[in-house]
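Secondary and tertiary structure notes
Here is how the chains run, residue by residue.
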Amino acid sequence: MADMTETYREPLDPATLAHLQTWQGKSETLSDSITAAPLRALFATLDRDDPAPLPGTALPPLWHWLYFLPYARQSELGPDGHPQRGGFLPPVPLPRRMWAGGQQQWFQDNPVVVGDAVQRISRIESVTHKAGRSGDLLFVLVKHEVHNAKGLALTEEHDIVYRAAAQPGDPAAPPVAAEQGAVWQREITPDDVLLFRYSALTFNGHRIHYDRQYVTEVEGYPGLIVHGPLIATLLADLVRRHAPHAFIRRFNFKALRPTFDLHPFRLNGQPSLDGKTVRLWAEDHEGWLTMQATAELA
C-alpha cells in the first residue's frame, strides 16, 4: 500500500469509490484523561503567560486536540508518517492528506476541565468525491462527540481532504486577497521549532510538518507546512488575547491555502458591533487569504 499511495495518479474508479464509501457510518470510541502537562506545554508553545493549570481548569477552545491522540505503533505508520489507512479512516489511495476545516460547539454549563475522565465517540458521516483542477479530491467528514461525567461537553465536525500527488504543470487554485485593516492583528513566525513542538504535542507524525526533503521532493510543496489546526488554534487564541473573559460557544474554520514556514504570517480578527461574533482570518506574507474562521461568543 505504501508504494501505491506515493505514486497513485489514476482517476478513482467506481469500484474503488464504492469500497471507500462503505466506511460511512463506521464509528469508534476512545477514552482519555484531561491532564495538566499538555496544557503547560501548549501555553509555552503559544507564548502565553497563563497560571499553571490546576484540577478544574477549563480547556481553552480547540485545546482538546491535545488529547485522544493517534497512538499507532511505529510499524503501523504509512509513508507520510500518519497511521496506515484502512483502520477507522478509509484506505484512500491518494497521497496528499490535509485537515480542510471543521466546526466545534462547546457548552458553557459543562466545560471539559483538568481532571476529567472523557470519552470521544467518532463517526464517519460521509465520504464524497469531486474532480478538481489537478485530479481527484476525496472528502471525509468525521463527527466527534466528547463526553465527561456530566454528559455531552463538545461536538465537532472534522473535514479531511485527500488529493493526488502534485505534478509539474498542475493548475494552481487562484489566490484570494485577504481583507485588510482588522481591529485585532498578530504576526507569527512559523519556524521549524514551533512546528516541531506542535507536532510533538499532538503526536502528529505527518512528515509535511518537519521533513523538508519529504515535503518538497515527494509532495511537491516549497517548504514545511504549518498545521491547519495550529493556525485555527492561534485564531481562537487571538480572541482570548483580546476578549479574555468571553466564552467561545461555536467556532468554525476553513483552510483555503497552505501556509509554509518560509515567511511570517498574520492573524486577523474583526469583532461584530454587538460583540457576539468575531470574524477571523489568516493571511500569508503576500497578503493571500489562507484560513477563515468565525467565533460565536456567549
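Residues numbered from 1 in each chain as written. Predicted model: local features only at pLDDT ≥ 70, side-chain atom pairs only at ≥ 80, totals over all residues. Heavy atoms only, no water.

1. Comments concerning the sheet that holds strand 4 (residues 135-148)
Here 10 strands make up an open sheet; going across it, the order is 1-3-4-5-2-7-10-9-8-6 and the pairing antiparallel. Of all the strands in the sheet, just strand 1 (27-33) and strand 6 (184-188) have a single pairing partner and so form its edges. Between one strand axis and the next, the sheet turns through 20° on average, direction left out of account. Judged from the 5 bridges that link them, strand 2 (residues 96-106) and strand 7 (residues 248-255) form a sheet pairing that is antiparallel. Along strand 7, the bridge assignment pairs Gly 101 with Lys 254. (Pairing = 2+ DSSP bridges. Helix = DSSP H or I, 4+ residues; strand = E, 2+ residues; numbered from the N terminus. Axes fitted to C-alpha atoms, helices over the stretch in contact; angles between N-to-C directions.)

2. Brief notes about helix 3 (residues 37-45)
What helix 3 keeps buried is the set Pro 38, Leu 39, Leu 42, Phe 43 and Thr 45. In a view along the axis of helix 3, the buried residues occupy a sector of 165°, so they form one face of it. Looking at the packing, one finds that the buried side of helix 3 touches helix 4 (192-201). (Buried < 20%, exposed > 50% of the residue type's maximum accessible area, 1.4 Å probe, protein only. Arc of directions from axis to C-beta. Contact = heavy atoms within 4.5 Å.)

3. A look at the nonpolar core
Looking at soluble globular proteins, one finds that nonpolar side chains tend to be buried together. Within the largest apolar cluster, 53 residues are counted, with the highest numbers of intra-cluster contacts made by Leu 230, Leu 235, Val 239, Phe 251, Leu 267, Leu 280 and Ala 295. For this core, the element with the most residues is helix 6 (residues 228-242), which contributes 8 residues. In this structure Ala 295 touches Val 239, Ile 248, Arg 250, Phe 251, Lys 276, Thr 277, Val 278 and Leu 280, once residues within four positions along its chain are discounted. Among the nonpolar cores identified, the runner-up in size contains 15 residues, and Trp 23, Phe 88, Leu 94 and Tyr 162 belong to it. (Core = buried A, V, L, I, M, F, W, Y, C linked by side-chain atoms within 4.5 Å.)

4. Regarding unusual backbone geometry
Despite not being glycine, Leu 62 shows a phi value in the positive range, around 80°. Checked against the element boundaries, Leu 62 lands in the loop between helix 3 and strand 2. Of the residues examined, Leu 62 reaches a relative accessible area of 2% and is grouped as buried. In this model, Phe 68 sits at a positive phi of 55°, which is unusual for a non-glycine residue.

5. A word on the side chain of Arg 96
If you trace the backbone, Arg 96 turns up in strand 2. Of the buried charged residues, Arg 96 lacks a salt bridge, with Glu 219 as the closest side chain of opposite charge at 4.2 Å. Among the polar contacts made by the side chain of Arg 96, one reaches the side chain of Tyr 221 at a distance of 2.8 Å. (Lys, Arg positive; Asp, Glu negative; His and termini not counted. Salt bridge = Lys/Arg side-chain N within 4 Å of Asp/Glu carboxyl O. Polar contact = N/O pair within 3.5 Å; in protein donor to acceptor, adjacent residues only side chain to side chain.)

6. Observations concerning the packing of aromatic side chains
Remark: the centre distance and the inter-plane angle together describe each pair of aromatic rings, the angle taken between the planes. Enumeration according to the criterion identifies 7 aromatic pairs in this entry. The interplanar angle of 45° and the centroid separation of 5.5 Å between the aromatic rings of Tyr 71 and Phe 203 together place this pair among those described as tilted. Placement of the pair is Tyr 71 in the loop between helix 3 and strand 2 and Phe 203 in the loop between helix 4 and helix 5 (212-217), with a sequence separation of 132 residues. The class for Tyr 71 is exposed, based on a relative accessible area of 60%. Ring geometry for Tyr 221 versus Phe 260: centroids 6.0 Å apart, planes at 45°, classification tilted. Highlighted residues: Tyr 221 in the loop between helix 5 and helix 6 and Phe 260 in the loop between strand 7 and strand 8 (265-271), separated in sequence by 39 residues. Put simply, the rings of Trp 65, Trp 99, Phe 251 and Phe 253 pair up and form one aromatic cluster. Just above the ring of Phe 139 sits the side chain of Lys 130; from NZ or CZ to the centre is 5.4 Å. When the ring centre of Trp 63 is taken as origin, the NZ or CZ atom of Arg 240, which lies over that ring, is 5.8 Å away. (Phe/Tyr/Trp six-rings, centres within 6.5 Å; stacked < 30°, edge-to-face > 60°. Lys NZ or Arg CZ within 6 Å of the ring centre and 35° of its normal.)

This is a description of form; function is not addressed.
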